[in-house]
Amino acid sequence: MATVALVSRPASVLPKISGSCSPAVLSAASVTTVQQRKLHHAVIPKGKGGRSSSSGIAATVFGATGFLGRYVVNRLGRVGSQVIVPHRCDQYDVMYLRPMGDLGQIIFMEWDARNKDSIKRALEHSNVVINLVGREWETRNYRFEDVFVSIPQQIAKAAREAGITKFVHMSHLNADIRSPSKYLRNKAVGETAVRDEFPDAIIMKPSEMFGREDRFFNHYANMRWFGNAIPLMAMGKKTVKQPVHVVDVAKAIINAVRDPDANGKTYALVGPNRYLLHDLVEYIYAVAHRPFVPYPLPRPLYHLAAQIFAMNPFEPWTSPDKVERFHTTDMKYPGLPGLEDLGITPSTVEQKAIEILRRHRRFRYLEADLDETKPAKTVNY
């Protein structure tokens, strides 16, 4: 009956608990009066597992409409969880998430990131809160300080006040207050702010993630449209990257939610191999069967070119901050638990790259065997 402690408040979106429940269930509900929460059937595990079962998880996933969010919602839905998806976009823009759960299990809710009451409404019926809110560029309305510090801090505070026991916050492996990247500096400040508001928060620190919709492998693969040559600082030979597959990160989040010993821990989520950025980009072009022509570009000139792209009023293709982030060597955290501690065997770049890069091939190479491509060189430093 330990799992019965995961409880949520009654809500209009969920039917009230039936009066015909067993005395054991009703007695368990009375035990939770300290948190002023009543037991609901949505958080009682039942079934053999799968999307039509009930995992006992009612999760609010902030940032579910992003790259990582769709994989997290899918993983939650396939084990029978109820998922609340707060969103700021048009409701039709998030309909692709609806089939990821059973009928009525994916609930959409409009929210205002700056409205505290809106945040409280989004998580008041949940026993798990996952914060994936993020953005690669700043806008006039939302600076990095808002996205990575203020909003996560407000979500963590609301989760603590609501008596929620599981809060997962997404940070970055290279988050550092001394980083030249404003993105990474604010990620570090956000970690501290969340930990102060919610001491038992589970903090995930993934390296750069790759997947079908990523802005890492696809970013470099699309550089071929600009003169068929790839600019890299110092030819990419002074930067070491350890990318992680997005599905592994999604699995890690779900496993941490279900692990009672994960509370208060920080996880470093990285792939199994480290690569020089030059060798990694070379492998990307080898898999795509495209010519790889790198050339060194000094930092000031790279920033100047990126600043021109950053002037795009819509979605900038790159920015000076993104250039700095991609040319930052991935840190090592031997003292932190990782994917293996959550029961996950990390996927290698060679196993998953074809899923991402096949669409960048010419038609004549579309079905070319991956064995024709030599694996990327790895490093140990």
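The structure under discussion appears in the preceding block.
Here's a quick rundown of the structure. Because the structure is a prediction, the values reported are computed rather than measured.

### Re the sheet that holds strand E5 (residues 166-170)
Across the sheet, which stays open at both edges, the 7 strands sit in the order E3-E2-E1-E4-E5-E6-E11 with parallel pairing between neighbours. Taken across any chain shown, the strands that pair with only one partner, and hence form the sheet edges, are strand E3 (106-110) and strand E11 (266-269). Strand-to-strand twist across the sheet, computed as the mean angle between neighbouring axes with direction ignored, equals 20 degrees. Where strand E1 (residues 58-62) lies against strand E2 (residues 82-87), 3 bridges are found, and the strand directions are parallel. Opposite Ala 58, over in E2, you have Gln 82 as the bridge partner.

### With respect to the pairing of E5
In terms of burial, E5 is largely enclosed, as 5 of its 5 residues are buried. Residue alternation in E5 divides its side chains into two sets, Lys 166, Val 168 and Met 170 and Phe 167 and His 169, and both sets are buried. As defined by bridge partners, strand E4 (residues 128-131) adjoins E5 across 4 bridges and the pair is classed as parallel. Residue pairing across strands places Ile 130 opposite Val 168, the latter belonging to E5. For the handedness criterion, the β-α-β arrangement of E4, helix H4 (residues 144-161) and E5 is classed as right-handed. Bridge count for E5 against strand E6 (residues 202-206) is 3 bridges, and the pairing is parallel. Its bridge partner lying in E6, His 169 is registered against Ile 203.

### Here we look at the packing of aromatic side chains
The tally for this structure, following the rule as stated, stands at 15 aromatic pairs. Here Phe 67 and Tyr 71 contribute two aromatic rings whose centre-to-centre distance is 6.1 Å and whose plane-to-plane angle is 85 degrees, an arrangement assigned as edge-to-face. With Phe 67 and Tyr 71 both in helix H2 (residues 67-78) and 4 residues apart, the pair spans about one turn of that helix. Like Phe 67, the residue Tyr 71 is buried in the burial classification. Each ring, one from Phe 216 and one from Tyr 220, has its centre 6.1 Å from the other, and the planes form 75 degrees; the classification is edge-to-face. Residue Phe 216 shares its accessibility class with Tyr 220, and that shared class is buried. Among the aromatic residues, those joined into a cluster by ring pairs are Phe 210, Phe 216, Phe 217, Tyr 220 and Phe 326.

### Quick look at the packing of helix H8 (residues 277-287) against helix H11 (residues 349-357)
Interaxial distance between H8 and H11 falls to 10 Å at its minimum, and their mutual angle equals 55 degrees. The angle between the axes of H8 and H11 places the two elements in the oblique class. Crossing of H8 against H11: the hand is right-handed. For the pair H8 and H11, contact is made by Leu 280, Tyr 283, Ile 284 and Val 287 and by Val 349, Glu 350, Ala 353, Ile 354 and Leu 357, respectively.

### A few points about the layout of surface pockets
Approximately 1200 Å³ is the volume found for the largest pocket. What lines the largest pocket is a set of 44 residues, among which Gly 66, Phe 67, Leu 132, Gly 134 and Arg 135 lie closest to the centre. For the lining of the largest pocket, the secondary-structure elements that each account for two or more residues are H2, E2, H4 and helix H5 (182-197). Counted by class, the lining of the largest pocket contains 22 nonpolar, 11 polar and 11 charged residues. If you add up the space inside the second largest pocket, you get close to 420 Å³. What lines the second largest pocket is a set of 19 residues, among which Trp 137, Glu 138, Thr 139, Ala 310 and Pro 316 lie closest to the centre. Mapped onto the lining of the second largest pocket, the elements with two or more residues apiece are helix H9 (299-310) and helix H10 (320-326).

### Examining empty space enclosed by the protein
Counted by the stated rule, this structure contains 4 cavities of 30 Å³ or more. Taken as a whole, the largest cavity spans an internal volume of roughly 40 Å³. Around the largest cavity, the lining residues are Asn 131, Val 133, Val 147, Phe 148, Pro 152, His 169, Met 170 and Lys 187. At the level of secondary structure, the elements contributing two or more residues to the lining of the largest cavity comprise H4 and E5. The biggest single contributor to the lining of the largest cavity is H4, with 3 residues.

Reading guide: rules and limits
- Residues numbered from 1 in each chain as written.
- Predicted model: local features only at pLDDT ≥ 70, side-chain atom pairs only at ≥ 80, totals over all residues.
- Heavy atoms only, no water.
- Pairing = 2+ DSSP bridges.
- Helix = DSSP H or I, 4+ residues; strand = E, 2+ residues; numbered from the N terminus.
- Axes fitted to C-alpha atoms, helices over the stretch in contact; angles between N-to-C directions.
- Buried < 20%, exposed > 50% of the residue type's maximum accessible area, 1.4 Å probe, protein only.
- Right-handed = clockwise from strand over helix to strand, strands pointing away.
- Phe/Tyr/Trp six-rings, centres within 6.5 Å; stacked < 30°, edge-to-face > 60°.
- Parallel < 35°, antiparallel > 145°, perpendicular 65-115°, else oblique.
- Left-handed = near helix turned anticlockwise from the far one by under 90°.
- Contact = heavy atoms within 4.5 Å.
- 1 Å grid on protein atoms, 1.4 Å probe; cavity = no way out; pocket = protein on both sides within 12 Å on 5 of 7 lines; lining within 4 Å.
- Points joined across faces, edges and corners; volume = space filled by probe spheres on them.
- Nonpolar A, V, L, I, M, F, W, Y, C, P; charged D, E, K, R; others polar.

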